[in-house]
Amino acid sequence: MIALGQVTPHNIKQLKKLNQVVFPVAYNDKFYKDVLEVGELAKLAYYNDIVVGAVCCRVDTSEGRRRLYIMTLGCLAPYRRLTIGTLMLEHVLSICERDGKLDALYLHVQVNNEAALAFYRKFGFEVIETKEQYYKKIEPADAYVLEKNLRPKEE
Amino acid sequence: MPSSNPLPPKEAALFKRILKCYEHKQYKNGLKFAKQILSNPKYAEHGETLAMKGLILNCLAKKDEAYDNVKRGLRNDLKSHVCWHVYGLLQRSDRKYDEAIKCYRNALKWDKENLQILRDLSLLQVQMRDLEGYKETRHQLLLLRPAQRVSWIGFAMALHLVNEFDMAITVLEEYRKTQQPRSFDYEHSEFLLYENQVMREAGLLEKALDHLHQNQDYILDVLVFQESKADILMRLGRWEEAKQVVESLIERNTENWEYLRLLQRCSAAESTESRLRLFDQLCQRFQRAQAPRRMALYLEYDTADLRQRFRDTLNAYLRAGLSRGPPLFASIKSLYSDAWKVAVIEELLVSYLDEVNAGRDPTCPSAPAESTESDDSLLPCTALWVNIILAQHWSAVGRSADAMRHVDAAIEHTPTMVELYVLKAKIYKRGGDPAKAAQWMEEAQSMDTADRFLNSKCTKYLLRCDRVEDACSMASKFTREGVGAMENLNEMQCLWFLSECARAFQRQRRFGDALKKCIEIDRHFSEMVEDQFDFHTYCTRKMTLRSYMHMLRFEDGIRGHRFFVDAAVMAMNIYLELHDHPVADQDGLHDDQQDNLSAAELKKLKSKQRKAARRAQQQEEQRRDTEQSRPEELDPATLERVERPLDEAARWLQPLQDRAASSVDTHLLAFELHWRRGKPLLMLQAAKRVHAIDPQHPRLHEHVVRLASRTFHVADAVATVLKQELHRLMGGHDVVDFDRRFLEDNRHSLPHLLEAMHVSVVHLKTTPPETAADALYAAKLMGQPLHAGIQMMDALHKGTFGVCTTQQMDTLRQQCRLAWPLATAFE
């Protein structure tokens, strides 16, 4: 019933449509060009062979650390609470484990998105920062930075 | 073998070497040896050597030289079988099969027992379906080479083809007795099954049954064995035994509709109740079988009780199938020919939507009202499926606005599902807006560019809105690189593409281009007939005899295929149009411009046009003569300026009458052709044929009245026959009465109303145009076919029903827009 699939130049428009509907933010052509290069870091989620969700990540080397940044992770409204989000996040986590050299996994969440905050907290993410005026065209414009540390704590 | 000019030993040896070189394809050497013989002044005109030289030149593609040499050789040695044989080979390579057969027969006159010539002749005879000749040749071959198994098989098949069953079976039996089959001898198994087929076709049923049983161990194709057995038992009336066999077939494959039909016959299930009982049993036994469930829906349901049962069965079927999505509608589409069934479907579908809106899921087994299950018992996709099937339903009954509403709701729910955009495009297409349909199909295609089905569908939709260039670019995403899509698809014999292109050109009145495509389609069909040539030897050798017979019969009827019929109908329509409105000359002078010319100039212009037309006709005839050997490049401009378009139309009519006689279009077009040629009896024949198929066809009505209203200058006997038969066609009434009754019987159908009005205004002149126009204004447009609406507006525009005021036209156009909201024709 639920499965993950690759993003290819042939089906990328389905990803674009999905992002348009799910996220209040618009992504530009460069975003989609980059998505085609990241391999397993971008996946489509299928329910009954229809694309209903997607996740796009990239490796981020800012702040002197090597982290994985989740750019988008979302699912069409009628198909939520069916473990699709969990499947996608678990896929990302397994990539992090296989990589072995990532410090952390992080993303931005709009401050009023209670459902997202609860979801990520379940997987061990913590709010480490609040970025004010992060979003340009939507309200509220602030975003939390949620991060999950991947390195085991040194005693 | 005796030639009239035998060669001495040295030259004879050289000649033998020429033959060997030809066989081993060493053409240069062969020519060298031939030159050696011919350089000897005594044998410079030796017939057989010249013939062999010509044959080799033909293999080197030097056709003209080849023919020259062979003809010279033949002239010098008319009694040589070699010369005739070679000439026949040349004709065959140019596909002039009739000529080749004549040459081979001549060759045989001089060498009655030449195996090679006999074999070549037999192949041509079966290719050209000269079946009596084929039988004789095969007989000869058997007498000459009884040790070869191919001789026996070939002769038996030839007898089969001319329906001499008894003889064929004797030959096959004789052959069988000589065989010692190995275990798992597939060729022997095929042979036995072929033998059985011949027995069954001969009607020797008991013998066929015994034959099956005796050889059961050697027959490896169990499925065909069972099917043959069932067939024989049923024809012998041994229903119980047949039923057992059919049941075992159904166990193998529950989805074969033919088996289900056989089962109904074996069980003597005539009434709907008995059939339903049968299907219920099958559904019980095979829980996952679709065919019995579907077939149950297609029965006749006459009484109120039965209709309730239909409703229940359909309800269960739809609920179980909703989660399949779009394919569910495809499986019930054929029910839409029954109006009351459509009403039941509509009622059920709307009820599902109500359930979804109330939060219940139609696809889940019905739970009690106070269920302790979780409150969101609605599966996520269900709303989607219900909207999809409702959209498909409304589109099928012509309510395109409603359909659009539902597909838009579905897109809102799940915008990533590609099939939704395909569905939206289809709704626009059926609603009468081909441009938007193409746009939405392009959208669908862009979402999955690796899908060739979407690509082809998109190409078709682009052609439907006359964007031929765009269609080619779309198709070229999947065709060979470096070659244009149009060329590659023609090479690949992609008939649907050629057909749609032709139609697009026809709509744009680019008749030459359209005709070119139609002729290309015809050529592909000719190629398909050609292609069977190699199989005559191959199948006989490999013993795949049943498939071979099937192929021969298929090839016989191949021009009955939809693609050919469509092309022929299109071509005929174009030629009739060209006859009525010939294409203007290259200089493109219109009638008003011609007024400006002086009388002398006009005369010169007209004679120039006539010469050009005659040249076009000659070229056309020449093209057809050389068609067989050298398919020439088709020139649209030449094609559309042909001088005698009616002759061309008649040429396309012939295969239609042979193979598509059950199609109304064939005879309607025949009528139109004969009308223009003034042949009343042929027109009558065409009208009678349409009457036999569909007596209430609207165009038939117009044809009959047209025929009855025109006086022909014919012999008395002919006039009497005409009058009698027309009287019968009109049901014994006179013309005016006939028209009135036709209108009465069909007043709810817009196409019929239009024809009746047209007839009474234009031909009979019994109704003033204004009355007819009023009738049209008052007509109920909702639910009528779109093409009738367009036809109506056209007729009013042209003034067929008198002059209409702008206000009347606008009101009517408004009504049309209400009836067909998506159509672009009424803007």
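Presented here is a report on the structure given in the accompanying data block. (Residues numbered from 1 in each chain as written. Chains lettered and ligands numbered in written order. Predicted model: local features only at pLDDT ≥ 70, side-chain atom pairs only at ≥ 80, totals over all residues. Heavy atoms only, no water.)

**As for the overall build of chain A**
Consideration 1: Counting its regular elements, chain A contains four helices and seven strands.
Consideration 2: For 155 residues, the compact-globule estimate of 2.2 N^0.38 gives 15 Å, and chain A sits close to it at 15 Å.
Consideration 3: Along the first, second and third principal axes, the C-alpha set of chain A runs to 45 × 35 × 30 Å.
Consideration 4: The buried share of chain A, taken over its 155 residues, is 46%.
Consideration 5: Within chain A, contacts between residues at least 6 apart in sequence are counted, and of these 62% link residues at least 24 apart.
Consideration 6: For chain A, the accessible surface area stands at approximately 8800 Å², while carbon and sulfur atoms represent 49% of it.
Consideration 7: Across chain A, 22 positive and 20 negative side-chain charges occur, with their mean positions spaced 5 Å apart. (Helix = DSSP H or I, 4+ residues; strand = E, 2+ residues; numbered from the N terminus. Rg over C-alpha atoms; globule rule 2.2 N^0.38 Å. Buried < 20%, exposed > 50% of the residue type's maximum accessible area, 1.4 Å probe, protein only. Contact = heavy atoms within 4.5 Å. Areas by Shrake-Rupley, 256 points an atom, 1.4 Å probe, with all protein chains shown as cover. Lys, Arg positive; Asp, Glu negative; His and termini not counted. Charge placed at Lys NZ, Arg CZ, Asp CG, Glu CD.)

**So, the overall build of chain B**
Consideration 1: For chain B, the count of helices and strands is 45 helices and zero strands.
Consideration 2: Viewed in the frame of its principal axes, chain B has a C-alpha envelope of about 105 × 90 × 65 Å.
Consideration 3: Relative to all contacts within chain B whose residues are 6 or more apart in sequence, the contacts with residues 24 or more apart total 61%.
Consideration 4: In the form shown here, chain B has an accessible surface area of approximately 41900 Å², with 50% of it arising from carbon and sulfur atoms.

**What to know about the side chain of B:His524**
Consideration 1: Checked against the element boundaries, B:His524 lands in helix H29 (residues 511-530).
Consideration 2: Setting aside residues up to four positions removed in sequence, B:His524 forms contacts with B:Asn490, B:Gln493, B:Leu495 and B:Leu498.

**So, a positive patch on the surface**
Consideration 1: Positive charge collects at one region of the surface, where B:Lys606, B:Arg610, B:Lys611, B:Arg614 and B:Arg615 lie side by side.
Consideration 2: For B:Arg610, the position within the fold is in helix H34 (residues 599-627). (Patch = residues over 30% accessible without salt bridge, like charges linked within 9 Å, V, L, I, M, F, W, Y side chains within 5 Å. Salt bridge = Lys/Arg side-chain N within 4 Å of Asp/Glu carboxyl O.)

**A few points about the interface of chain B and chain A**
Consideration 1: Each partner contributes to the interface: chain B provides 17 residues, whereas chain A provides 17 residues.
Consideration 2: Surface buried jointly by chain B and chain A totals about 1400 Å² across both partners, of which 62% is contributed by carbon and sulfur atoms.
Consideration 3: Taken together, the links from chain B to chain A amount to two salt bridges.
Consideration 4: Here B:Glu443 ties to A:Lys13 by a salt bridge, and the two come within 3.3 Å at their closest N and O atoms.
Consideration 5: For the pair chain B and chain A, the interface holds eight residue pairs in polar contact (both at pLDDT 80 or more).
Consideration 6: Contributing elements (two or more residues each) for the side of chain B that touches chain A: helix H21 (382-396), helix H23 (418-431) and helix H24 (434-447) of chain B.
Consideration 7: At three residues, the largest contribution of residues to the side of chain B that touches chain A is made by H24(B). (Buried area = accessible area lost by both parts, 1.4 Å probe. Polar contact = N/O pair within 3.5 Å; in protein donor to acceptor, adjacent residues only side chain to side chain.)

**Structural notes on the packing of helix H8 (residues 131-144) of chain B against helix H9 (residues 149-161) of chain B**
Residues and elements named next belong to chain B.
Consideration 1: As a packed pair, H8 and H9 sit with axes 9 Å apart at the nearest point and diverge in direction by 155 degrees. Classed by the angle they form, the pair H8 and H9 counts as roughly antiparallel. The crossing of H8 and H9 is left-handed. Contacts between H8 and H9 involve Leu131, Tyr134, Lys135, Arg138, His139, Leu141 and Leu142 from the first element and Val150, Ser151, Trp152, Gly154, Phe155, Ala158, Leu159 and Leu161 from the second.
Consideration 2: Looking at the contact of H8 with H9 residue by residue, the classes come out as ten nonpolar, three polar and two charged. (Axes fitted to C-alpha atoms, helices over the stretch in contact; angles between N-to-C directions. Parallel < 35°, antiparallel > 145°, perpendicular 65-115°, else oblique. Left-handed = near helix turned anticlockwise from the far one by under 90°. Nonpolar A, V, L, I, M, F, W, Y, C, P; charged D, E, K, R; others polar.)

**Notes on the sheet that holds strand S4 (residues 67-75) of chain A**
All names here are of chain A.
Consideration 1: One open sheet accounts for seven strands, arranged S1-S2-S3-S4-S5-S7-S6; its pairing is mixed. Edge positions in the sheet fall to strand S1 (2-6) and strand S6 (126-131), since each has one partner strand and no second. Neighbour to neighbour, the strand axes of the sheet diverge by 25 degrees on average, direction disregarded.
Consideration 2: Two strands pair when backbone bridges link them, and S4 and strand S5 (residues 104-110) are joined in this way by three bridges, in the parallel orientation. In the sheet register, Tyr69 faces S5, and the bridge partner there is Tyr106.
Consideration 3: Strands in contact with helix H4 (residues 114-122) are S4, S5, S6 and strand S7 (143-149); relative to S5, the strand with the most contacts, it is inclined by about 165 degrees. (Pairing = 2+ DSSP bridges.)

**A short note on helix H18 (residues 304-321) of chain B**
All names here are of chain B.
Consideration 1: The terminal C-alpha atoms of H18, which comprises 18 residues, lie 25 Å apart, in line with the 26 Å expected from a rise of 1.5 Å per residue.
Consideration 2: Among all positions of H18, only Leu306, Phe310, Leu314, Asn315, Tyr317, Leu318 and Gly321 are buried.
Consideration 3: Tucked inside the fold, the buried residues of H18 contact helix H16 (272-285), helix H17 (291-297), helix H19 (327-332), helix H20 (339-357) and H21. (Expected span 1.5 Å × (residues − 1).)

**Focus: helix H42 (residues 750-763) of chain B**
Residue and element names in this part refer to chain B.
Consideration 1: Here H42 is 14 residues long and its end C-alpha atoms lie 19 Å apart, about the 20 Å a rise of 1.5 Å per residue gives.
Consideration 2: In terms of burial, H42 is a largely internal element, eleven of the 14 residues being buried.
Consideration 3: Considered for burial, the residues of H42 that qualify are Leu750, Pro751, His752, Leu753, Leu754, Glu755, Ala756, Met757, Val759, Ser760 and Val761.
Consideration 4: Considering only its buried residues, H42 is in contact with helix H39 (698-709), helix H41 (735-745), helix H43 (769-778) and helix H44 (786-798).

**Description of the pairing of S7(A)**
Residues and elements named next belong to chain A.
Consideration 1: Across seven bridges, the pairing between S5 and S7 is antiparallel. Bridge pairing links Tyr106 to Glu147 in S7.
Consideration 2: Relative to S7, S6 runs antiparallel, the two sharing five bridges. Paired with Val127 across the two strands is Leu146, which belongs to S7.

**Considering the nonpolar core**
Consideration 1: Core analysis: the biggest nonpolar cluster contains 238 residues, and A:Tyr79, A:Tyr120, B:Leu314, B:Leu318, B:Leu384 and B:Trp652 have the highest contact counts within it.
Consideration 2: Broken down by element, this core gets its largest block of residues, 13 residues, from helix H32 (residues 562-580) of chain B.
Consideration 3: If we skip the residues at most four places from it in the chain, B:Leu314 touches B:Leu297, B:Leu335, B:Val344, B:Ile345 and B:Leu348. (Core = buried A, V, L, I, M, F, W, Y, C linked by side-chain atoms within 4.5 Å.)

**What about the packing of helix H28 (residues 495-507) of chain B against H32(B)?**
All names here are of chain B.
Consideration 1: H32 packs onto H28 with a crossing angle of 20 degrees between their chain directions and a minimal axis gap of 10 Å. Considered as vectors, H28 and H32 are oriented roughly parallel to each other. Every pair of crossing elements has a handedness; the one defined by H28 and H32 is left-handed. Residues Leu495, Trp496, Ser499, Ala502, Arg503 and Gln506 of H28 form the contact with H32, whose own contacting residues are Phe563, Asp566, Met570, Asn573 and Ile574.
Consideration 2: Classifying every residue of the contact of H28 with H32 by side-chain character gives six nonpolar, three polar and two charged.

**Examining the pattern of salt bridges**
All names here are of chain B.
Consideration 1: Enumeration over the complete set of coordinates arrives at 72 salt bridges over all chains.
Consideration 2: Between Arg261 and Glu258 there is a salt bridge, and its shortest N-O distance comes to 3.0 Å. Of this pair, Arg261 and Glu258 both sit in helix H15 (residues 257-266), three residues apart, roughly one helical turn.
Consideration 3: Owing to a relative accessible area of 40%, Glu258 belongs among the partly exposed residues under this scheme.
Consideration 4: Through salt bridges with shared partners, a single ionic network connects Asp580, Glu672, Arg676, Arg699, Glu702, Arg706 and Glu755.

**Overview of the packing of aromatic side chains**
What describes a pair of aromatic rings is the distance from one ring centre to the other and the angle between the planes of the rings.
All names here are of chain B.
Consideration 1: All told, the structure shown has 22 aromatic pairs over all chains when counted by the stated rule.
Consideration 2: Between Tyr301 and Trp340, the ring centres sit 6.3 Å apart and the planes meet at 70 degrees, which makes this aromatic pair edge-to-face. Taken together, the positions of Tyr301 in the loop between H17 and H18 and Trp340 in helix H20 put the pair 39 residues apart, joining distant regions of the chain.
Consideration 3: Relative to Tyr538, the ring of Phe535 lies with its centre 6.5 Å away and its plane at 90 degrees, an arrangement referred to as edge-to-face. (Phe/Tyr/Trp six-rings, centres within 6.5 Å; stacked < 30°, edge-to-face > 60°.)

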